[in-house]
Amino acid sequence: MRAAAALYTGWMTALVGIENLITIDPEERDGSPLITGTGVSVCRIATLAAEGLSAEEIVRDVFDNHLSHAQVYAAPAFYHANRPAIDAELVARESEHDRLWIEHSSKRHAS
């Protein structure tokens, strides 16, 4: 039994918690949840997954192997765990994008 306990203890020290894969910093990207150590947002990964890309495709084709599978899988998990707040933020950003587009278009046509 001691050998199993020692194995289990050693295994535990090698674990990476999901909280180490996602970072939220109010000073970075307006507090958007990001893949730790990257500028890649949780929303970007979740959107790619929702569009039907597999984790393998996201890692290999979109991010040229600069993200790990763990990072890619953490993003949709985080999104689904926090869906109402993230969806509200996406709607707010889309509204702001639309407002700026209209403002820019009207200035361009006025000149």
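All of the points below concern the structure found in this document. (Residues numbered from 1 in each chain as written. Predicted model: local features only at pLDDT ≥ 70, side-chain atom pairs only at ≥ 80, totals over all residues. Heavy atoms only, no water.)

A count of helical and extended segments in the protein gives five helices and two strands. Along the protein, from the amino end to the carboxyl end, the secondary structure elements read α-β-β-α-α-α-α. Taking the intrachain contacts of the protein between residues at least 6 apart in sequence as the baseline, contacts between residues at least 24 apart amount to 36%. By element, 59% of the accessible surface of the protein is carried by carbon and sulfur atoms, the whole surface being about 7900 Å². (Helix = DSSP H or I, 4+ residues; strand = E, 2+ residues; numbered from the N terminus. Contact = heavy atoms within 4.5 Å. Areas by Shrake-Rupley, 256 points an atom, 1.4 Å probe, with all protein chains shown as cover.)

A few words now on the pattern of salt bridges. One side chain can pair with another of opposite charge once the charged atoms of both are near each other. Tallied over the full model, the rule gives four salt bridges. In this structure, the salt-bridge partner of Asp 61 is Arg 60, at a minimum N-O distance of 2.8 Å. In this structure, the salt-bridge partner of Glu 103 is Arg 99, at a minimum N-O distance of 2.9 Å. Within this pair, Glu 103 and its partner Arg 99 are both found in helix H5 (residues 83-110), separated by four residues, close to a single helical turn. Residue Arg 99 is classed as partly exposed on the basis of its relative accessible area of 42%. (Salt bridge = Lys/Arg side-chain N within 4 Å of Asp/Glu carboxyl O. Buried < 20%, exposed > 50% of the residue type's maximum accessible area, 1.4 Å probe, protein only.)

In this fold, Thr 47 is placed in helix H2 (residues 42-50). Overall, Thr 47 belongs to the partly exposed group, its relative accessible area being 36%. Separated by 32 residues in the primary sequence, Thr 47 and Tyr 79 have C-alpha atoms spaced 9.9 Å apart.

Turning our eyes to something else, we now look at unusual backbone geometry. A positive phi angle, near 45°, is found at Asp 64, a position not held by glycine. Its place among the elements puts Asp 64 in the loop between helix H3 (55-62) and helix H4 (69-81). A residue is classified by how much of its surface remains accessible, and Asp 64, at 52% relative accessible area, is exposed. Positioned with a positive phi, Asn 65 is a non-glycine residue whose angle comes to about 65°. Looking at the element boundaries, Asn 65 is found in the loop between H3 and H4. Overall, the relative accessible area of 51% leaves Asn 65 in the exposed class.

All right, on to the environment of His 66 then. Inspection of the secondary structure puts His 66 in the loop between H3 and H4. In sequence terms His 66 and Thr 38 are 28 residues apart; their C-alpha atoms lie 9.1 Å from each other. Sequence-distant contacts of His 66, defined by excluding residues within four places in its chain, comprise Val 59 and Gln 71.

Between its terminal C-alpha atoms H4 stretches 19 Å, which fits the 18 Å expected from 13 residues at 1.5 Å a residue. Of the residues making up H4, those classed as buried are Gln 71, Val 72, Ala 74, Ala 75, Pro 76, Phe 78 and Tyr 79. (Expected span 1.5 Å × (residues − 1).)

Turning next to the nonpolar core. In terms of nonpolar packing, the biggest core is built from 20 residues, with Ile 35, Ile 45, Phe 63, Leu 67 and Val 72 touching the most fellow members. Of all the secondary-structure elements, those providing two or more residues to this core are H2, H3 and H4. Apart from the residues within four sequence positions on either side, Ile 45 is in contact with Ile 35, Val 40, Ile 58, Phe 63, Leu 67, Val 72, Ala 75 and Pro 76. (Core = buried A, V, L, I, M, F, W, Y, C linked by side-chain atoms within 4.5 Å.)

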